[in-house]
Amino acid sequence: MSSDHDTCHCGHDHDHHHDHGAKHIYIYSPSSAVRDKAAFRRGVKRLQKLGYEVEIDVDALSSHTRFAGDDATRLAAIHRAAASGADVALISRGGYGLTRILPGIDYAAVARAIDGGLRFVGVSDFTAFQNAVLAQTGAVTWAGPALCPDFGTQELPDDIMEACFDDLICGHGEGAGWRLPRAKPVTGAAPETPAAPVEFDIPAARLWGGNLAVLASLVGTPYLPQVPGGILFIEDVNEHPYRVERLLTQLLYAGVLAQQQAVIFGQFTSYTLAAHDKGFKLQSVVDWLRRQITTPVLTQLPYGHVETKVCLPVGAQVELSVQGRDALLYWGHP
């Protein structure tokens, strides 16, 4: 993460210690089993210390092979979260487990809960749930933190992540801004020739996306939303750039990418380049994609398997504004 990240923001001024009117957070486990119980306990304590009322699902720490309980157990947990009356339903962790239970989810109940003010929040494997809900109902969920990796850290949780989550739960979240990387000078031009300043505005588009591997796994299913004219954001972890490119070719050949008004790369982390790559890297993939589609491709969105992550409304109407190196996604009231 570049030092530019201190400029990313959630579009609201905060006082971290303001009263939440004891906002209610429901913790549940729809994906992989929680192995780090200490992180789970730390996360719960941190949320309580921030002034939230935390309710823990009865099966939040269940385990069945690699999953947080068998499929029926995890489906029941999702439906209890939907019926909880909480302000936020927050997953304990991602991993794997949601794609295999998508047909069993009561989407009408989930949509009713969202209409009633419940915000489903999560990252990673949760992308499957979020896109299925969007495809099936059009309802908005939130890409954001998970309990164990974000609030259960040994060190203090990231303050930008906390501030964005606080904005979300208090209904103040209006947008997310970040700095784009410096444009490379035009090849073959005089050294002092700067790259042309980028300036554009997309006044209205549906924001969607999440984890790239999970999204690609939904292609051709009823759980990948059709979002022509959307803004697609992507992130991933433990995926070498060539795998990222291969996943992108799937979305490209399925006709998804060219339909978007913008494609935004979040953070791609925890991969190791090999001697065999000979200069092939993540930027090579970005450059390649820009040659495949005329859609603007932006990078460096502070979201993914990283400490500093903003909260993003999956399925909401947003505005995207780019001026030079400043990018702003805005979903506040006009």
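So, here's what we can say about the structure. (Residues numbered from 1 in each chain as written. Predicted model: local features only at pLDDT ≥ 70, side-chain atom pairs only at ≥ 80, totals over all residues. Heavy atoms only, no water.)

1. Observations regarding the sheet that holds strand β12 (residues 317-323)
Cut-off, in case you're wondering: When DSSP finds two or more bridges between a pair of strands, those strands are recorded as paired. The secondary structure listing takes helices from DSSP runs of H or I that are at least 4 residues long and strands from runs of E that are at least 2 residues long, numbered from the N terminus.
On the basis of which strands lie adjacent, the open sheet formed by 7 strands has the order β6-β13-β12-β7-β8-β9-β10 and mixed pairing. Among the strands making up the open sheet, the edge pair consists of β6 (175-179) and β10 (297-298). Direction of pairing for β6 relative to strand β13 (residues 326-330): antiparallel, over a ladder of 5 bridges. Looking at the pairing, Gly177 lines up with Leu328 of β13.

2. Brief notes about helix α3 (residues 107-115)
Stated formally: Whether a residue is buried, partly exposed or exposed follows from its accessible area with a 1.4 Å probe, protein chains only, as a fraction of its type maximum: under 20%, in between, or over 50%, in that order. In this analysis, two residues are considered to be in contact whenever any of their non-hydrogen atoms come within 4.5 Å of each other. For the purposes of these results, a polar contact is taken to be a pair of N or O atoms within 3.5 Å, where, inside protein, one atom must be able to donate a hydrogen and its partner to accept one; residues adjacent in sequence count only when each atom of the pair is a side-chain atom.
Turning to α3, its buried residues are Tyr107, Ala109, Val110, Ala111, Ala113 and Ile114. Here the buried face of α3 lies against α2 (71-82), β4 (119-122), α4 (126-137) and β5 (141-143). Taking the backbone nitrogen of Ala108 as reference, a side-chain oxygen 3.3 Å away marks Asp106 as the first, capping residue of α3. Where α3 ends, the next residue or the one after it, Gly117, has phi of about 110°, a positive value.

3. Details of the nonpolar core
For clarity, the threshold we go by: In this description, a nonpolar core means a group of buried Ala, Val, Leu, Ile, Met, Phe, Trp, Tyr and Cys residues linked to one another through side-chain atoms lying within 4.5 Å.
If you look at the biggest cluster of nonpolar residues, it comprises 108 residues, and the most contacted ones within it are Phe120 and Leu312. Apart from residues lying up to four places away in sequence, Phe120 is in contact with Tyr28, Ala81, Ala82, Ala89, Val110, Ile114, Phe126, Phe129, Thr141 and Trp142.

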